[in-house]
Amino acid sequence: MNEPEGLRFRRLNRPQIITDELQEPQYKGTSMYCLTHRCSQPLLNEPPLMSGCYEPNFKLREAQRLFEDQLVGPESIANFGDVIYTGTADGKIVKIEGKSITVIARLGKPPCDGSREQEPSCGRPLGIRVGPNGTLFVADAYLGLFEVNPVTGEVTNLVSAGQMVGGRRLSFVNDLDVTQDGRKVYFTDSSSRWQRRDYLHLIMEATADGRVLEYDTETKEVTVLMENLRFANGIQLFPDEESVLVTETTMARIRRVHVSGLNKGGMDTFVDNLPGFPDNIRRSSSGGYWVAMSAVRPNPGFSMLDFLSQKPWIKKLIFKLFSQDMLMKFVPRYSLVIELQESGTCVRSFHDPHGMVAAYVSEAHEHDGHLYLGSFRSPYLCKLDLSKV
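Residues numbered from 1 in each chain as written. Predicted model: local features only at pLDDT ≥ 70, side-chain atom pairs only at ≥ 80, totals over all residues. Heavy atoms only, no water.

- Going by the annotation in an unreviewed UniProt entry, the name recorded for the protein is Adipocyte plasma membrane-associated protein, with Oncorhynchus mykiss given as the source organism.
- In UniProt, the protein has this text filed under Sequence similarities (unreviewed entry): "Belongs to the strictosidine synthase family."
- Under the Subcellular location (unreviewed entry) heading, UniProt states for the protein: "Membrane". (UniProt positions renumbered as here; feature names shortened; annotations may be inferred.)

## With respect to the sheet that holds strand 23 (residues 335–340)
Right, so step 1: If you trace the 4 strands from one edge of the open sheet to the other, you get 21-22-23-24, paired in antiparallel fashion. At either margin of the open sheet sits one strand with a lone partner, and together these are strand 21 (276–283) and strand 24 (346–352). Going from strand to strand, the sheet's axes swing by 20° on average, the running direction of each strand aside.
Right, so step 2: Relative to strand 22 (residues 289–296), strand 21 runs antiparallel, the two sharing 5 bridges. Note that in strand 22 the partner of Arg283 across the bridge is Tyr289. (Pairing = 2+ DSSP bridges. Helix = DSSP H or I, 4+ residues; strand = E, 2+ residues; numbered from the N terminus. Axes fitted to C-alpha atoms, helices over the stretch in contact; angles between N-to-C directions.)

## Overview of the pattern of salt bridges
Right, so step 1: Across all of its chains, the model carries 15 salt bridges by this definition.
Right, so step 2: Of the charged contacts, one joins Arg253 and Glu248 as a salt bridge, the two residues approaching to 2.6 Å between their closest N and O atoms. Comparing Arg253 with Glu248 shows no difference in burial state: the two are buried. (Salt bridge = Lys/Arg side-chain N within 4 Å of Asp/Glu carboxyl O. Buried < 20%, exposed > 50% of the residue type's maximum accessible area, 1.4 Å probe, protein only.)

## Remarks on the pairing of strand 8 (residues 136–140)
Right, so step 1: Across the 5 residues that make up strand 8, a large majority, 5, are buried.
Right, so step 2: Residues Leu136, Val138 and Asp140 line one face of strand 8 and the alternating positions Phe137 and Ala139 line the opposite face, and both faces are buried.
Right, so step 3: Connecting strand 7 (residues 125–130) to the next strand, strand 8, in antiparallel fashion are 5 residues, including Gly134 with a positive phi near 90°.
Right, so step 4: Here strand 8 pairs with strand 9 (residues 144–148) via 5 bridges, running antiparallel. If you follow Asp140 over to strand 9, its bridge partner there is Gly144.

## Observations regarding the sheet that holds strand 20 (residues 267–271)
Right, so step 1: Sheet architecture is open: 4 strands sit in the order 17-18-19-20, paired in antiparallel fashion. At either end of the open sheet lies a strand with only one pairing partner, and these are strand 17 (232–237) and strand 20. Taking each pair of neighbouring strands and ignoring which way they run, the sheet shows an average axis angle of 30°.

## So, the layout of surface pockets
Right, so step 1: The calculated volume of the second largest pocket comes to roughly 500 Å³.
Right, so step 2: Lining the second largest pocket are 23 residues, and of these Arg129, Val130, Asp177, Gln236 and Arg283 sit closest to its centre.
Right, so step 3: Looking at the lining of the second largest pocket, the elements with two or more residues in it are strand 3 (77–80), strand 7, strand 13 (173–178), strand 17, strand 21 and strand 25 (361–367).
Right, so step 4: For the lining of the second largest pocket, the class distribution of residues is 9 nonpolar, 8 polar and 6 charged. (1 Å grid on protein atoms, 1.4 Å probe; cavity = no way out; pocket = protein on both sides within 12 Å on 5 of 7 lines; lining within 4 Å. Points joined across faces, edges and corners; volume = space filled by probe spheres on them. Nonpolar A, V, L, I, M, F, W, Y, C, P; charged D, E, K, R; others polar.)

This is the structure we're talking about:
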């Protein structure tokens, strides 16, 4: 394998976390069996009732749209003081200060109009974080991991997408988090089969080829920490930095992957059977976590993705008949943000049942008493005053 200069790859020799008994035929098709086998279809439990903490409301409609039609697809959000940073669908990293938007960097090569065809060359910034030295760390779906100087605009490519890591290609780099000392960057690769522009194929197939990886900023080494995840998406370090929480979108759950300490290499389920399909996860000021969902699993009601999860032949037919853009029109615009305690228990939830104000939410980032709501598709940011909800 030809490795780029200064960058080394290795696979973590992690302990066996599934007992031999779980390899027996009676466990085939269960979620535990699927940790070590790429089962063809996920088995989703019946969605939880939309009651209690999940009781529908209209609280997301209290949000204010910002910079409407001035930025498209601000997937993830970070702040340094009162300055907000995000990446957009046309490959830009922008700074939002007061009422002004400034482009500080581009990761790919123009032309960039946000079209599906141009995404691979233009780039699609997704996860974004502020590092301890004030620089930005950015996960680009097509181009890899970057460090961006927000003052000079200097861009440094840390890990190139498309490289073979642990015997598989990085194809859909999605989200990241950085340790407090800046030494380690943990990131997700949602799939080695599908790119971001084909994310609906990944959702429909529920392919078990997502991974969690670690980049060491000193040794330049990339390590595979966990694999066989279904649409590994948002990632968030636990406070002790010995584990990361990872949203597994097509399974409607959040995993806890142990990245250091005595349990390094192990994984358990942090929250199972969520009322929607989780995207990014971020810390809340209460010590818990905000989880954003752009599609729900209504109960009572009908969840198309749950229904299709056991009917692969229907899914194949659907993709023969409809384009991805057409299929998006059939996805109900129901936005949901939930706050979880550090234990994983739901504290509260904010809804916009028809996406009338906040649509296609991808992240909830808390700053100064407000939630800034990112979106993978909408042409605006949203800002929710938490004191009003």
